Amino acid sequence: MPTRGVIYVHSSPPAVCPHVEWAINRVLNSQVELAWTIQSASPSTWRADRPWTGQPGTAAQVAAALQQWQMLRFEVTEDPSPGVDGERIMFVPGRGIYRAATSANGDLMIAEDRIRALVATAVDGESLRHGLDKLLGAEWDAELEPFRHSGEDGVQNWLSQVS
């Protein structure tokens, strides 16, 4: 049963952009041409995004292919499919990969055993808060947020104002 998702390349040096497309082509087994634009949060880099359709696990394959360029900032999402949770994968230079399961509406889902382990080891409220931030990928989100917003165009802004 196929699923779908979105590849967000938040920042890439222009010289690496063709390599990013080739890597995505290999994983998706199709010809991909991304519409690259200047990333205003880092004007010496470019950004692009693209929806994809494929088998469950495709997001992880795309992320593995892209992480070979350690200077990229990217996210790959995969919608849930029958019997398979969705997922969100983020990559930030110097931090590496963050990966979490997602629900049908896109919320992150943290496994019960990970929460129990955190509660068992937290010594105070501050360490619990820090542990929850880590489980939720807060540092990756904080670093990617300016790159996400600089990629919004008029259509996306208009659609977000309607909802």
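Below is a summary of the structure that appears in this document.

Conventions and cut-offs
- Residues numbered from 1 in each chain as written.
- Predicted model: local features only at pLDDT ≥ 70, side-chain atom pairs only at ≥ 80, totals over all residues.
- Heavy atoms only, no water.
- Pairing = 2+ DSSP bridges.
- Helix = DSSP H or I, 4+ residues; strand = E, 2+ residues; numbered from the N terminus.
- Contact = heavy atoms within 4.5 Å.
- Axes fitted to C-alpha atoms, helices over the stretch in contact; angles between N-to-C directions.
- Buried < 20%, exposed > 50% of the residue type's maximum accessible area, 1.4 Å probe, protein only.
- Polar contact = N/O pair within 3.5 Å; in protein donor to acceptor, adjacent residues only side chain to side chain.
- Salt bridge = Lys/Arg side-chain N within 4 Å of Asp/Glu carboxyl O.

### Quick look at the sheet that holds strand 2 (residues 37–38)
Consideration 1: Pairing is antiparallel across the open sheet formed by seven strands, whose spatial order is 2-3-1-4-5-6-7. Lying at the two open borders of the sheet, with one neighbouring strand each, are strand 2 and strand 7 (108–109).
Consideration 2: Helix 2 (residues 58–66) contacts strand 1 (3–12), strand 3 (46–54), strand 4 (73–78), strand 5 (86–92) and strand 6 (96–102) of the sheet and is inclined by roughly 165 degrees relative to strand 4.
Consideration 3: In the packing of helix 5 (residues 138–149) onto the sheet, the strands contacted are strand 1, strand 3, strand 4, strand 5 and strand 6, and the crossing angle to strand 5 comes to about 85 degrees.

### What to know about the pairing of strand 6
Consideration 1: Sheet topology note: the strand 5/strand 6 ladder contains seven bridges and is antiparallel. Bridging across to strand 6, V92 finds its partner in G96.
Consideration 2: Linking two consecutive strands that pair antiparallel, namely strand 5 and strand 6, is a turn of three residues; a positive phi of about 85 degrees is found at G94 within it.
Consideration 3: Pairing analysis gives two bridges linking strand 6 to strand 7, with the strands arranged antiparallel. Its bridge partner lying in strand 7, A101 is registered against M109.
Consideration 4: From the end of strand 6 to the start of strand 7, which pair antiparallel, there are five residues, and G106 there has a positive phi angle of about 95 degrees.

### Overview of the pairing of strand 3
Successive side chains on a regular strand alternate, one facing one side of the sheet and the next facing the other.
Consideration 1: Note that strand 1 and strand 3 share eight bridges and pair antiparallel. Across the sheet, T3 pairs through a bridge with G54, a residue of strand 3.
Consideration 2: Across two bridges, strand 2 lies against strand 3 in antiparallel orientation. When the sheet's bridge partners are listed, T37 is paired in strand 3 with R47.

### A short note on the side chain of T45
Consideration 1: Here T45 shows up in the loop between strand 2 and strand 3.
Consideration 2: Among the residues examined, T45 registers a relative accessible area of 10% and is labelled buried.
Consideration 3: A distance of 2.7 Å separates the side chain of T45 from the backbone oxygen of S42, its partner in a polar contact.
Consideration 4: Beyond its immediate chain neighbours, meaning those up to four positions away, T45 contacts S11, S12, P13, P14, T37, I38 and Q39.

### Some points on the pattern of salt bridges
Consideration 1: Per the counting criterion, the structure on display carries 14 salt bridges.
Consideration 2: A salt bridge links R148 to E145; the nearest nitrogen and oxygen atoms lie 2.6 Å apart. Within this pair, R148 and its partner E145 are both found in helix 5, separated by three residues, close to a single helical turn.
Consideration 3: Overall, the relative accessible area of 30% leaves E145 in the partly exposed class.
Consideration 4: One salt-bridge network, held together by shared partners, links E75, R88, D141, E145 and R148.

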